[in-house]
Amino acid sequence: MIETGRLPIVNPPRSGPSASLNPEFFARLARRVPTQSGVFEAVRSPFDQQVLAELPICTPADVAAAVQWARETQAAWAKVDPRKRARVLLRFHDLLLARQEQGLDLTQLEAGKARRHAQEELLDSAINAQYYATRAPGWLRPRRAGGTFAGLTVTWEYRHPVGVVGVICPWNYPLTMAVSEPVAALMAGNAVVLKPDPQTSFTALWVLSLMEEAGLPPGLMQVVTGAAEVGSALVGAVDFIALTGSTRTGRVVARQAGERLIGANLELGGKNPMLVLEDAPLEAAVKGAVDGCFTNAGQLCVSIERIYVHESVYEAFKRRFVEKVSRLRLGSTLDHRPQIGSPPVARQFELVEAHVQEAVAKGAKVLTGGKARPDLGPLFFEPTVLEGVTPEMRVYNEETFGPVVALYPYGDLEEVLERINASEYGLNASVWTRDLAKGRAVASRIQAGTVNVNEAYAAAWISMDATMGGFKASGLGRRHGKEGLYRFTELQTVALERLIPITGPAWLPRGWYGRIVTWALHGMKWVMRWRYRV
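Residues numbered from 1 in each chain as written. Predicted model: local features only at pLDDT ≥ 70, side-chain atom pairs only at ≥ 80, totals over all residues. Heavy atoms only, no water.

A. Quick look at the overall build of the protein. When you go through the protein residue by residue, the secondary structure sums to 18 helices and 22 strands. Radius of gyration (C-alpha) of the protein: 26 Å, near the 24 Å computed for a compact globule of 534 residues. By principal-axis analysis of the C-alpha atoms, the protein measures approximately 95 × 60 × 40 Å. Looking at the protein as a whole, 55% of its 534 residues qualify as buried. Of the contacts formed within the protein by residues at least 6 apart in sequence, a portion of 74% connects residues at least 24 apart. Just so you have it, the protein exposes about 22300 Å², and 56% of that area is on carbon and sulfur atoms. The centroid of the 60 positive side-chain charges in the protein is displaced by 8 Å from the centroid of its 53 negative side-chain charges. (Helix = DSSP H or I, 4+ residues; strand = E, 2+ residues; numbered from the N terminus. Rg over C-alpha atoms; globule rule 2.2 N^0.38 Å. Buried < 20%, exposed > 50% of the residue type's maximum accessible area, 1.4 Å probe, protein only. Contact = heavy atoms within 4.5 Å. Areas by Shrake-Rupley, 256 points an atom, 1.4 Å probe, with all protein chains shown as cover. Lys, Arg positive; Asp, Glu negative; His and termini not counted. Charge placed at Lys NZ, Arg CZ, Asp CG, Glu CD.)

Spelled out as structure tokens, the structure:
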């Protein structure tokens, strides 16, 4: 046993595949990669760097061929009644839940996460599938809209699929990202070509296998593998691109999409703040902070990386928070005991370590954590709480994307809101107070796409009817809700002219036409003001 904080954890890690994740399992998934390149890349478990399997790597030519196949298949899928599309995705939903133990093992072994966080990811994926399968058919029906003058014109709005949607996924939530974007795109009548991170491609291939088992036509959804050149080839071939990734990558993708005049949805980086007001319920705020900072080892786009606490409760909050963080259990077992897993890639581990070491060298204080844990695995890093972080430190403004958070006391609400909003990012935020009306008012002043009151991130994330996305450098567009579906459609207006032409009958003198329309507009103004209460 190894003591982690004050709680024990079993060691050495159990990182070997479960019985179902044998070489034939990985070989079957690998055969789904549409390539004959002959190039392979070893996928290693971050827990111990043992090779899980060899992943075939695509070329740009493979991407072009995959998109062409998807385009041919999509033409027929677009004609399928949305209710029939929904039945396929509801079968996928059921398969996802039925095979969840296999999915959890695979996600853990590829992404290095604790099982409890892998399970949250799988359940979130099922929620996404069920949500769009049940809501989308109604939202995709033609909608009658009002004309300029009642009786003269009738307008209808039609939602058409954009065609082939490209999806580029990161390694931190490989299951959710391989489901949430494709499900909405498929329900809208599109085909999907998905490029996951090479580290977590087998999870995406597993999702694809369940989709086709549920009845999705072969070729309608495909997984292409590889690094940046494959992603660039994908953006260069599809009709819409959805990226979840870093702001740096987002800018590259946005430029390329802009050159082609195709739509793009970009969910990018964040330096997400939590604000603890003087009347906050401290025990709840502390628990919320632990979950908000260290779920998935802090590798969550909406994770909290800076906490501002009112000076009247700062010391009490700090004491309780540090105590709870120091007790978090690290580990790599394929069960629910560990609370913190491992970064899946060495470059992220190195960034986390560099941020902490540079902050300490410039005067920041480590309240707990701050060290690598090679005794648990090559990429483990302790959950870390910093104090005394200043603007010249990288961890102050840059996204760390790991198990690191900084505490800041404050006295004046206006001043702390300025500090919070000074960031280039605006993805997620959290406000804690006993006064919900006050919390809502404060939340509305924070420049972020989602703000949770008395929760860190999950309340907004799981509210599927409401949108999720970023302000400023945190991205463009929104997922979830109707907007999460409609971004994958082209909106068409069909206007029907009835009775007399909207420009007036040919026999009516133009001067009289102008007077009649002027009188009508004056009258309509008063009717509309009464109707809409303005």
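Still more to cover.
B. The sheet that holds strand β8 (residues 191–195), seen in detail. Pairing is mixed in the open sheet, where six strands are placed in the order β9-β8-β7-β10-β11-β21. Each of the sheet's edge strands pairs with one partner strand only, and the pair in question is β9 (221–223) and β21 (475–476). Sheet topology places strand β10 (residues 240–244) next to strand β11 (residues 263–267); five bridges connect them, and they run parallel. The residue of β11 that forms the bridge with L243 is L266. Running over the sheet, helix α9 (residues 247–260) touches β10 and β11 and is turned about 175° from β10. (Pairing = 2+ DSSP bridges. Axes fitted to C-alpha atoms, helices over the stretch in contact; angles between N-to-C directions.)

C. Representation of empty space enclosed by the protein in the model. Enumeration over the complete set of coordinates arrives at three cavities of 30 Å³ or more. The volume enclosed by the largest cavity comes to roughly 50 Å³. Along the wall of the largest cavity there are 15 residues; nearest its centre are P273, R306, Y425, G426 and Q447. Elements with a minimum of two residues in the lining of the largest cavity: β12 (272–276), α14 (413–421), β17 (425–426) and β18 (428–432). A class-by-class count of the residues in the lining of the largest cavity yields seven nonpolar, six polar and two charged. (1 Å grid on protein atoms, 1.4 Å probe; cavity = no way out; pocket = protein on both sides within 12 Å on 5 of 7 lines; lining within 4 Å. Points joined across faces, edges and corners; volume = space filled by probe spheres on them. Nonpolar A, V, L, I, M, F, W, Y, C, P; charged D, E, K, R; others polar.)

D. A look at the sheet that holds strand β5 (residues 143–145). Spatially, β5-β6-β22 is the arrangement adopted by the three strands of the open sheet, whose pairing is antiparallel. With partners counted over all chains shown, the strands left at the sheet margins are β5 and β22 (489–497), one partner each. Averaged over all pairs of adjacent strands, the angle between their axes in this sheet comes to 30°, without regard to strand direction.

E. The pattern of salt bridges, seen in detail. Inspection of the entire model under this criterion finds 29 salt bridges. Ionic pairing is found between E315 and K318, a salt bridge with its closest N-O pair at 3.4 Å. Of this pair, E315 and K318 both sit in helix α11 (residues 314–326), three residues apart, which is roughly one turn of the helix. Among the residues examined, E315 registers a relative accessible area of 48% and is labelled partly exposed. Members of the salt-bridge network, linked through shared partners, are E181, E267, R479 and R487. (Salt bridge = Lys/Arg side-chain N within 4 Å of Asp/Glu carboxyl O.)

F. Quick look at the pairing of β18. Among the five residues of β18, five are classified as buried, and the element is accordingly described as predominantly covered. Residue alternation in β18 divides its side chains into two sets, N428, S430 and W432 and A429 and V431, and both sets are buried. With three bridges joining them, β12 and β18 adopt parallel strand pairing. When the sheet's bridge partners are listed, V276 is paired in β18 with W432. Judged from the four bridges that link them, β18 and strand β19 (residues 450–453) form a sheet pairing that is parallel.

G. Representation of the nonpolar core within the structure. Core analysis: the largest hydrophobic core is formed by 126 residues, its most contacted members being F202, F294, I307, F317 and F321. With sequence-adjacent residues up to four places away left out, F294 is seen in contact with H117, F321, V325, L328, Q339, I340, P383, T384, V385, P403, V404 and V405. If you look at the next biggest cluster of nonpolar residues, it comprises 28 residues, including Y308, L379, L386 and M393. (Core = buried A, V, L, I, M, F, W, Y, C linked by side-chain atoms within 4.5 Å.)

H. Representation of helix α18 (residues 510–532) in the model. Relative to the 33 Å expected for 23 residues at 1.5 Å per residue, α18 spans 32 Å between its end C-alpha atoms, a close match to the ideal helical length. Following α18 by one or two positions, R533 adopts a phi angle in the positive range, close to 60°. (Expected span 1.5 Å × (residues − 1).)

I. Region of interest: the environment of M187. Along the chain, M187 falls in helix α6 (residues 174–187). Ignoring sequence-local partners within four residues, the contact set of M187 consists of P82, R85, A86, L89, Y132, A133, A136, P137, L140 and L485.

J. Highlighting the packing of helix α4 (residues 100–111) against helix α7 (residues 201–213). Packing of α4 against α7 leaves a shortest axis separation of 8 Å and a crossing angle of 160°. What the angle tells us is that α4 and α7 run roughly antiparallel. Considering how the two elements wind past one another, α4 and α7 form a crossing that is left-handed. Touching Q102, G103, L106, T107 and E110 of α4 are S201, F202, T203 and W206, all from α7. (Parallel < 35°, antiparallel > 145°, perpendicular 65-115°, else oblique. Left-handed = near helix turned anticlockwise from the far one by under 90°.)

K. Structural detail: unusual backbone geometry. One non-glycine residue, A297, lies in positive phi territory at about 55°. Position of A297 among the secondary structure elements: in the loop between α10 (282–294) and β13 (304–310). At K472, a position not held by glycine, the phi torsion is positive, near 50°. With respect to the element layout, K472 can be found in strand β20 (residues 471–472). On the basis of relative accessibility, which here comes to 39%, the residue K472 falls in the partly exposed class.

L. Layout of the pairing of strand β15 (residues 384–387). Every second residue of β15 is oriented toward a common face, with T384 and L386 on one face and V385 and E387 on the other, all of them buried. Here strand β14 (residues 365–368) runs beside β15; their pairing, made up of three bridges, is antiparallel. The residue of β15 that forms the bridge with V366 is L386. Looking at chain direction, β15 and strand β16 (residues 404–410) are connected through four bridges and run parallel. Each residue of the ladder has a partner; that of T384, found in β16, is V404.

M. Structural view of the side chain of T244. Looking at the element boundaries, T244 is found in strand β10. Within the structure, the side chain of T244 is placed 3.1 Å from the side chain of R479, a separation counted as a polar contact. Non-local contacts of T244, meaning those with residues more than four positions away in its chain, are made with I168, C169, P170, M177, E181, E267 and R479. (Polar contact = N/O pair within 3.5 Å; in protein donor to acceptor, adjacent residues only side chain to side chain.)

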